[in-house]
Amino acid sequence: MEEVKVVLITGGSSGIGAATARILAQSGMKVYAGSRRGTLQEQTPGVVPVKLDVNDAAATEAVVKRILSEEGRLDAVVCNAGNGIYGPVEGTLDQEARSQFETNYFGALKTIQACLPVFREQGHGRIITVTSVMAVLQLPFQGFYSSVKAALLSLSESLSLELKGTGIQCCSVLPGDVATGFTNARKLNVAAQDPASPYRNKMDKNLQKIEADERGGMQPDVIGKAILKQLNKKKMRVRVIPRLDYAAVGALVRFLPEKSKLALLNFLYT
Ligand SMILES: NC(=O)c1ccc[n+]([C@@H]2O[C@H](COP(=O)([O-])OP(=O)(O)OC[C@H]3O[C@@H](n4cnc5c(N)ncnc54)[C@H](OP(=O)(O)O)[C@@H]3O)[C@@H](O)[C@H]2O)c1
């Protein structure tokens, strides 16, 4: 097994990405933490902040080149940059729905595509995508976020088959609620801001619940440790849901009939 020594993380300026960068660096890895801000919450030995907008393919390729010239290798990439939008399907603007796919899906895709030729030439490489339990649990008023995380999970699993025998592995990490800047950064669609929306009461109740769940959620270190565990394994798991309670819910919804799953979600979230 090729030891993981050099890692690129996107969305490394806060939350899960910042915690993961610190945890990997503390374990001895050299980490390049990319974000649009290009800064770190706290200076950490072994973490190099880089300015990187995942929607800019040329900038991503330039960062990968820089890593190769400075380190001579790139062993893993963690595609973590993301954000959420909120609102009813009815009335969501085309551009709002598309924007949800930009950073979360196409940004991750561009990052993966920038790293794949390097991994192929090296004969090894690890691709971790940070998706969400919402890839497998579809919540109301987050249809676009659920869709984009399911799409990225699907891409990761399909890619893992494509890459069999190349030495390149894929793993998707599906966090549950994590207390980060994600909650404040969530954008409400125009339709979600309409005081006269026919979904007003349902949305208000639902948004209050999901925000409270996130603010009282796990510390991002839990996700960072789960990512470190996979990077240290000879063979990464294809899909990981950190923390036992969320993993149990993930397993439950996998085996529940679809109708029962939706009834449960309806009870909890509407
Ligand atoms: N928090 C949760 O409950 C939760 C649950 C499941 C999954 N997740 C997923 O976890 C990932 C990290 O989210 P978080 O909770 O840590 O939220 P966060 O604290 O808001 O962090 C998001 C990170 O993404 C970066 N980012 C956003 N757009 C970017 C772009 N275009 N290019 C590069 N970096 C970009 C941000 O930095 P800049 O603003 O500096 O670019 C920031 O570092 C996301 O993919 C999110 O969907 C979060």
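Residues numbered from 1 in each chain as written. Predicted model: local features only at pLDDT ≥ 70, side-chain atom pairs only at ≥ 80, totals over all residues. Heavy atoms only, no water.

A. Geometry of the overall build of the protein chain. Across its full length, the protein chain carries nine helices and nine strands. Taking the principal axes of the C-alpha coordinates as reference, the protein chain spans close to 55 × 40 × 30 Å. The buried share of the protein chain, taken over its 270 residues, is 52%. The long-range share in the protein chain, meaning contacts at least 24 apart out of those at least 6 apart in sequence, stands at 72%. Carbon and sulfur atoms provide 54% of the accessible area of the protein chain, an area that totals close to 12,800 Å². Between the averaged position of the 33 positive side-chain charges in the protein chain and that of its 25 negative side-chain charges there is a distance of 5 Å. (Helix = DSSP H or I, 4+ residues; strand = E, 2+ residues; numbered from the N terminus. Buried < 20%, exposed > 50% of the residue type's maximum accessible area, 1.4 Å probe, protein only. Contact = heavy atoms within 4.5 Å. Areas by Shrake-Rupley, 256 points an atom, 1.4 Å probe, with all protein chains shown as cover. Lys, Arg positive; Asp, Glu negative; His and termini not counted. Charge placed at Lys NZ, Arg CZ, Asp CG, Glu CD.)

B. Spotlight on the pairing of strand β1 (residues 6-10). The buried fraction of β1 is high, at five of five residues. Across the two faces of β1 the burial is the same, with V6, L8 and T10 and V7 and I9 all buried. Here five bridges tie β1 to strand β2 (residues 30-35), and the two strands are oriented parallel to one another. Residue pairing in the sheet places L8 in a bridge with Y32 of β2. A crossover connection joins β1 to the parallel β2 through helix α1 (residues 15-26); in handedness this β-α-β unit is right-handed. (Pairing = 2+ DSSP bridges. Right-handed = clockwise from strand over helix to strand, strands pointing away.)

C. Quick peek at the site of the ligand. Not every one of the 29 residues close to the ligand is listed here, only the nearest: S14, I16, R37, Y145 and T180. Elements with a contribution of two residues or more to the shell around the ligand: α1 and α4 (143-162). Considering only residue class, the shell around the ligand consists of nine nonpolar, 15 polar and five charged. (Near = heavy atom within 4 Å. Nonpolar A, V, L, I, M, F, W, Y, C, P; charged D, E, K, R; others polar.)

D. Seen up close, helix α8 (residues 244-255). End to end, α8 covers 17 Å across 12 residues, agreeing with the expected 16 Å (1.5 Å per residue, within 8%). Taken as a whole, α8 has its buried residues at Y246, G250 and V253. The arc enclosing the buried residues of α8, seen along the axis, measures out at 70°, which places them on a common side. Exposed residues pointing more than 90 degrees away from the buried face of α8 are listed as L244 and F255. Here the buried face of α8 lies against α9 (258-269). (Expected span 1.5 Å × (residues − 1). Arc of directions from axis to C-beta.)

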